[in-house]
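Notes for the structure review
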Amino acid sequence: MSHKVTLIEGDGIGPEVIRAARKIIDTTDVKIDWDVCQAGAEVFKKGLPTGVPQETIDSILRNKVALKGPLETPVGHGEKSANVTLRKLFETYGNIRPIHEIPGVPTPYSGRGIDLVIVRENVEDLYAGIEHMQTPGTAQCLKLISRKGCEKIVRLAFEFARSEGRKMVHCATKANIMKLTEGLMKRTFEDVAKEYPDLEAYHIIVDNCAHQMVKKPEQFDVIVTTNMNGDILSDLGSALIGGLGFAPGANVGNNFAIFEAVHGSAPKYAGKNTINPTAVLMSGVMMLRYLKEFEAASQIEQALFKTLDLDKIHTRDITADGTTASTTDFTDTIIRNLGKVYPGYQERPYKPLKLPYVPDIPDLVKPKERCVTGVDIFIEAGLNPEALGNGLKEIMNHTPFALTGISSRGVTVYPVSGKIQPEATDFFRCRFMGTKNNQDIDDSEIFDLLGKISPHYRWTHIEKLHVFDGRQAYSKDHGES
């Protein structure tokens, strides 16, 4: 059987590591028709702000599977990341990053049997990239977490655990602080876990997870988490096994899969023939298993282990005694070792990954009852909190609202009980609650309130305070009664 795969060489060291991986895969019995496409820096230079041309999009739409090298990402300015664009465009909502001890790569953890997988939500959270300067001195980033997104990634984690014969799934969140967003991931995990009685399921606070990964990484099997948490934990995990040069990854959705290494484009090493292609090669191994080419994946893995451990052929990034090989020599040695058995190699009982089903409807959660009980109005003001609070109260007459508090950076600054006044910025959240008991606040009433405020103060945005099925759907600030 021949597979059609989109191949994106990428930027910096990308072409070198992709060529190495392609050469090794092509030496196996697997037949792949590679469709070579562009994305990243060269596309940005042509003036395309996404970094992904239509030809590349069309290729992935046709082939459903892509193997890509690292793409350069503008930092702190300019265009969006082409990497993130590809993940979002094809709804590859799951980022799977194995962290496996590599024989022949010495680390402080050698011999401890590290073998875990981070399953990272890939399209939501802070990586939605929705940011605004609320005032000249205060920036905001929206952390968006949906029940649908949580359910898809949690189910993928459990299904992935089953596909590799794993026994345990941890869910790592910061639900103790972000009770609505990270808490939604935790609650979804606990709900879905009931459908997988064959797997152990545990929740863990993400900072403790990071601590435990350094202290005793062998205790973990699969860790599912939100987007930014997953990015940080997976890089931490790669350091345990020798660095980013050994960190493969897969972006998986219900219809498309894009395989790529975790590391970046490392432009200062480009063209020197010294780079380690292992991460991209192991991403290719993940791709082969996704394509159900389990035998070829096993052959490449064993050839890699023999090259590193028994032959002691190492690229410059591996701190060990042995031969320092060029990228091409390292690649050729792996090819010579194809078909050879690595002693003690134990292959997992791999099965095809069953992709989870979550209804494809926007409003997955439908409350039976809902109402708006108040409104947060965010105001820019160069005033002390007491002056702002007193000023707002003066204009509240004849409105169905009461000012219940003002906060800055999540801390109540008005009214303040005690002698300590928390420090404020020029960006205030002003909470107005409805004074009519159990009555839904109408939009016209909110507009009237804004009409009273806007002649006196500069407001930046508003948030309705919802109650769904009798449950408060907004957070309180530190110090709020």
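My aim in this report is to walk through the structure given alongside it, one point at a time. From a predicted model like this one, the values you see are computed outputs, not experimental measurements. (Residues numbered from 1 in each chain as written. Predicted model: local features only at pLDDT ≥ 70, side-chain atom pairs only at ≥ 80, totals over all residues. Heavy atoms only, no water.)

1. With respect to the packing of aromatic side chains
Note the cut-off: Whether two aromatic rings pair depends on their centres lying within 6.5 Å, for rings of Phe, Tyr and Trp, where Trp uses its six-membered ring; planes under 30 degrees apart make the pair stacked, over 60 edge-to-face, and the rest tilted. Each helix is a run of H or I in the DSSP string that is no shorter than four residues. Each strand is a run of E no shorter than two, and both are numbered from the N terminus. Partly exposed describes any residue whose relative accessible area lies between the buried limit of under 20% and the exposed limit of over 50%, with all areas from a 1.4 Å probe on protein chains only and scaled to the type maximum. Comment: the charge-over-ring label is applied if NZ (Lys) or CZ (Arg) is within 6 Å of the ring centre and within 35 degrees of the ring normal.
This structure, assessed with the given rule, holds seven aromatic pairs. Judged by centre distance (5.6 Å) and plane angle (65°), the ring pair of Phe259 and Tyr290 falls under edge-to-face. Note that Phe259 is positioned in strand β12 (residues 257-261) and Tyr290 in helix α9 (residues 278-290), a separation of 31 residues in sequence. For Tyr290, a relative accessible area of 26% corresponds to the partly exposed category. Through pairs of rings, three or more aromatic residues link up here, namely Phe158, Phe189 and Tyr196. For the cation-ring pair, Arg120 lies above Tyr127, with the distance from its terminal atom to the ring centre recorded as 5.0 Å.

2. Points about the nonpolar core
Generally speaking, nonpolar side chains in soluble globular proteins are found buried as a group. Applicable threshold: Take the buried residues of types Ala, Val, Leu, Ile, Met, Phe, Trp, Tyr and Cys, join any two whose side-chain atoms come within 4.5 Å, and each joined set is a nonpolar core. Only heavy atoms enter the contact rule, under which two residues are in contact if any of them lie within 4.5 Å.
Core analysis: the biggest nonpolar cluster contains 87 residues, and Phe158, Ile223 and Met287 have the highest contact counts within it. With sequence-adjacent residues up to four places away left out, Met287 is seen in contact with Val5, Ile25, Ile32, Trp34, Val65, Leu67 and Phe259. In terms of nonpolar packing, the next biggest core, distinct from the first, is built from 23 residues, Val372, Tyr414, Phe432 and Ile441 among them.

3. Topic: the sheet that holds strand β19 (residues 458-468)
Strand pairing in a sheet relies on backbone hydrogen bonds, with the paired strands running either antiparallel or parallel. The line we're drawing: Here, a strand pair is defined by DSSP locating no fewer than two bridges between the strands. Note on geometry: axes are lines fitted to C-alpha atoms, helical ones only across the stretch in contact, with angles between N-to-C directions running from 0 to 180 degrees.
Spatially, six strands are ordered β17-β16-β18-β15-β19-β20 in an open sheet, and the strand pairing comes out antiparallel. Each edge of the open sheet carries a strand with a single partner, namely β17 (411-414) and β20 (471-472). Of the pairings in the sheet, the one linking strand β15 (residues 370-380) to strand β18 (residues 427-434) comprises seven bridges and is antiparallel in character. Residue Asp376 lies in a different strand from β18, and its bridge partner there is Arg431. The strands that helix α13 (residues 443-453) touches are β15, β16 (401-408), β18 and β19; relative to β15, the one it contacts most, it runs at about 20°.

4. What about the side chain of Lys143?
Definition in use: For this analysis, a polar contact is any N or O atom pair within 3.5 Å, provided that within protein one partner can donate a hydrogen and the other can accept it, and provided that sequence-adjacent residues contribute only side-chain to side-chain pairs.
One can find Lys143 in the loop between β7 (138-141) and α5 (147-163). Here Asp125 takes part through its side chain, which lies 2.5 Å from a polar atom of the side chain of Lys143. Within the structure, the side chain of Lys143 is placed 2.8 Å from the side chain of Glu182, a separation counted as a polar contact. Ignoring sequence-local partners within four residues, the contact set of Lys143 consists of Asp125, Leu126, Met178, Thr181 and Glu182.

5. Overview of the packing of helix α10 (residues 294-310) against helix α11 (residues 327-337)
Spelled out, the test is: Note on angle classes: values under 35 degrees are labelled roughly parallel, values over 145 roughly antiparallel, values of 65 to 115 roughly perpendicular, and the remainder oblique. By the definition used in this description, the sense in which the near helix is turned from the far one sets the handedness, with an anticlockwise turn below a right angle giving left-handed and a clockwise turn giving right-handed.
Look at α10 against α11: their axes get within 8 Å of each other, and the N-to-C directions meet at 120°. For the element pair α10 / α11, the angle class is oblique. Between α10 and α11 lies a crossing whose hand is right-handed. Where α10 approaches α11, its residues Ala303, Leu304, Lys306, Thr307 and Leu308 are matched on the opposing element by Phe330, Thr333, Ile334 and Asn337.

6. Comments concerning the packing of α9 against α10
Defined as follows: Note on residue categories: nonpolar means Ala, Val, Leu, Ile, Met, Phe, Trp, Tyr, Cys or Pro, charged means Asp, Glu, Lys or Arg, and polar means any other residue, Gly included.
Where α9 meets α10, the closest approach of the two axes is 7 Å, and the angle between their N-to-C directions is 155°. Between α9 and α10, the crossing angle belongs to the class labelled roughly antiparallel. For the pair α9 and α10, the crossing hand works out as left-handed. Residue-level inspection shows Thr278, Leu281, Met282, Val285, Leu288 and Arg289 of α9 in contact with α10, the latter providing Phe294, Ala296, Ala297, Ser298, Ile300, Glu301 and Leu304. For the contact of α9 with α10, the class distribution of residues is nine nonpolar, two polar and two charged.

7. Some words on helix α4 (residues 82-89)
An α-helical turn contains 3.6 residues, so a residue and the one three or four places further along point in the same direction. For α4, a buried count of six out of eight residues is recorded, marking the element as mostly surrounded by other parts of the structure. By the burial criterion, the buried members of α4 are Ala82, Asn83, Val84, Thr85, Leu86 and Arg87.

8. Quick notes on the pattern of salt bridges
Applied cut-off: The salt bridge criterion pairs a side-chain nitrogen of Lys or Arg with a carboxyl oxygen of Asp or Glu, the two atoms within 4 Å.
All told, the structure shown has 35 salt bridges when counted by the stated rule. Close ionic contact of Glu445 with Lys436 constitutes a salt bridge, the shortest N to O distance being 2.8 Å. For Glu445, a relative accessible area of 16% gives the class buried. Residue Lys436 is classed as partly exposed on the basis of its relative accessible area, which comes to 35%. In the salt-bridge network here, residues are joined through shared partners; they are Asp115, Glu164, Arg166, Asp221 and Arg348.

9. Structural notes on the sheet that holds strand β5 (residues 115-121)
Across the sheet, ten strands lie side by side as β2-β1-β3-β12-β11-β4-β5-β10-β8-β9; this open sheet has mixed pairing. The open sheet terminates on both sides in strands that have one partner only, identified here as β2 (31-37) and β9 (200-205). Along the sheet, successive strands turn relative to each other by an average axial angle of 25°, direction set aside. Relative to strand β11 (residues 248-252), strand β4 (residues 94-100) is paired through three bridges, and the arrangement is antiparallel.

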